[in-house]
Amino acid sequence: MAYTDRFGRRNMEYISLGCDMFPVLKGRSPLQAYSDFMMNFRDSFRSLLGVVITGVQVGMGPAGELRYPSCPSQKLAWAWHTRELGEFQCYDKYMIASLNACAHDVGMRGWGYGGPIGTGNLMHDPENTDPSGKFFLQWYSGMLLLHGERICREAKTIFQGTEVDTSAKVAGIHWHYGTQSHPSELTAGYYNTSRRDGYLPIARMLGRYGFGLCCSGFGMRDVEEKKTNPVSSPEGFLRQILLAARVCHIPIEGENSATFSGDESFEQVLKMSKFYTYGLESPTFSFNFMRMDRYLFEQHNWARFTRFVRQLSGANIFRARLDFRGDVQPTSLSDVAKVRVAYTYC
């Protein structure tokens, strides 16, 4: 049931999506087990849903993200420094069985025994590779999309009528974004290249079920990342995600990837948030400020942070008083309802 790469290494972070519908957990499928968990959560916290608990981010893969564990999560944190390509996770018996069946359906049995190897032609230019490469990437990314759709369908039914917003997270894999093939995205399950938009199908799928899209990297700047990796582009990646969300009219939940307190990072978040909200009549954008540390609460850093919150929120949306003690006092009941949309939280 564990994801497996071509070397036989197993990743235990998440059950392989290849067995989503099979009764491998003492008579229950992983999808049934997760649905039961979500229903139990809903029933246990029913009195708080829509009041205290206003949003639920539904986990769809390793670290909660809709992706394959092409790199282990503990390694993923530094992947952009080592420029990891990752490995295709399609060698457990359930994924191989699915690949084999799909290859049989198109009359090409030889395509059903595994994925492309390493940095071959597929990684350099997947659009000009042989048909087996396109077939594999369509199957691999399609399986991930189907997995997300199954979970969205269950979650929509379970949380219907609770007045909570639901969302799913996409991984911010940007360290080969400046190449034609985007290899580190391909191994994670995002069939995104210089000629193919791999995130628009995900945004459309989330939109069909009323889900928002969460993504990280809002504080990252190309000018900084390219110093160590010339083909990295967190801004390019994020712009593509935000454009897909705009086209599909779905809410965005932003996150920062690392701790920061400097003005440049705060300004970068504001810049990228405006890229999404500009020109929209009723944009729904929220920002989750991650990884607060003790340095943030030093007076000069806290002053930057409170200024950032006010700028992100807008004077007409969030009129609260934040002082060094961290008190938040909305000036009216209407402001309380608006804080969730505008205010950063941890």
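Notes on the structure in this doc start here. Per chain, residue numbering runs from 1 following the sequence as it is written. Restriction of local features to residues with pLDDT of at least 70 applies here, the model being predicted, together with a cutoff of 80 or more for giving and counting side-chain atom pairs; totals for whole chains, interfaces and linings are based on all residues. Hydrogens and water are ignored here; the side-chain numbers use all heavy atoms of the structure.

A separate point is helix α12 (residues 299–313). The end-to-end C-alpha separation of α12 is 21 Å, in line with the 21 Å expected for 15 residues at 1.5 Å each. Relative accessible area decides the class of each residue, using a 1.4 Å probe on protein chains only: under 20% of the type maximum gives buried, over 50% gives exposed, and in between gives partly exposed. Where helices and strands are cited, they refer to DSSP runs of H or I of at least four residues and of E of at least two residues respectively, numbered from the N terminus. Along α12, the positions that sit buried rather than exposed are Asn301, Trp302, Phe305, Thr306, Phe308, Val309, Leu312 and Ser313. Projected onto a plane normal to the axis of α12, the buried residues spread over an arc of 155 degrees and lie on a single side. To estimate the expected span of a helix, count its residues, drop one, and scale the result by 1.5 Å. Throughout, the arc means the angular range of directions from the helix axis out to the C-beta atoms.

Below, the discussion takes up the packing of aromatic side chains. Here the aromatic set is Phe, Tyr and Trp, taking the six-membered ring for Trp, and pairing holds for ring centres within 6.5 Å; pairs whose planes are under 30 degrees apart are stacked, those over 60 apart are edge-to-face, and all others are tilted. Under the counting rule described, the total for this entry stands at 25 aromatic pairs. Seen from their ring centres, Trp111 and Phe135 are 5.3 Å apart, and the 40 degrees between their planes marks the pair as tilted. Of this pair, Trp111 sits in the loop between α4 (93–105) and α5 (121–124) while Phe135 is found in helix α6 (residues 131–159), placing the two residues 24 residues apart along the sequence. Here the aromatic cluster, defined as three or more aromatic residues joined through ring pairs, consists of Phe218, Phe266, Tyr276, Phe285, Phe287, Phe289, Phe297, Trp302, Phe305 and Phe308.

This part covers the packing of α4 against α6. For the pair α4 and α6, the least separation of the axes is 11 Å and the interaxial angle reads 130 degrees. When the axes of α4 and α6 are compared, the pair comes out oblique. Of the two elements, α4 crosses α6, and the hand of that crossing is right-handed. Contacts between α4 and α6 pair Met95, Ser98, Leu99, Cys102 and Ala103 from the former with Phe135, Phe136, Trp139 and Met143 from the latter. Three classes are used, and their members are as follows: Ala, Val, Leu, Ile, Met, Phe, Trp, Tyr, Cys and Pro are nonpolar, Asp, Glu, Lys and Arg are charged, and the others, Gly among them, are polar. Taken together, the residues that form the contact of α4 with α6 break down as eight nonpolar, one polar and no charged. All axes here are fitted lines through C-alpha atoms, helices being fitted over the stretch that makes contact, and every angle between N-to-C directions spans 0 to 180 degrees. Oblique is the label for every angle not falling under 35 degrees (roughly parallel), over 145 degrees (roughly antiparallel), or within 65 to 115 degrees (roughly perpendicular). Working rule for handedness: look at the near helix, and if it is turned counterclockwise from the far one by less than a right angle, call the crossing left-handed; if clockwise, right-handed. Residue contacts are counted whenever heavy atoms from the two residues lie within 4.5 Å of one another.

Closest axis-to-axis distance for the helix α1 (residues 30–44)/α6 pair is 10 Å, and the angle between their directions is 25 degrees. Judged on the interaxial angle alone, α6 and α1 are roughly parallel. Two packed elements cross with a definite hand, and for α1 against α6 that hand is right-handed. Side by side, α1 and α6 meet where Leu31, Tyr34, Ser35, Met38, Met39, Phe41 and Arg42 of the first sit next to Arg150, Ile151, Glu154, Ala155, Ile158 and Phe159 of the second. Looking at the contact of α1 with α6 residue by residue, the classes come out as nine nonpolar, one polar and three charged.

Another aspect to go through is a nonpolar patch on the surface. Taken together, the side chains of Phe45, Leu48, Val51 and Val52 make up a nonpolar region of the molecular surface, amounting to roughly 370 Å² of accessible area. With respect to the secondary-structure elements, Leu48 resides in the loop between α1 and β3 (55–57). A patch is a set of surface residues, each over 30% in relative accessible area and not in a salt bridge, joined within 9 Å for like charges and within 5 Å for the nonpolar side chains Val, Leu, Ile, Met, Phe, Trp and Tyr. Note that accessible areas follow from Shrake-Rupley with a 1.4 Å probe, and for residues the cover is restricted to the protein chains shown. The rule for a salt bridge is simple: a side-chain nitrogen of Lys or Arg has to be within 4 Å of a carboxyl oxygen of Asp or Glu.

This paragraph deals with the pattern of salt bridges. By the definition in use, this model includes 16 salt bridges. Close ionic contact of Asp20 with Arg150 constitutes a salt bridge, the shortest N to O distance being 3.4 Å. You can see Asp20 sitting in the loop between β2 (10–15) and α1 and its partner Arg150 sitting in helix α6, a full 130 residues away along the chain. Overall, the relative accessible area of 4% leaves Asp20 in the buried class.

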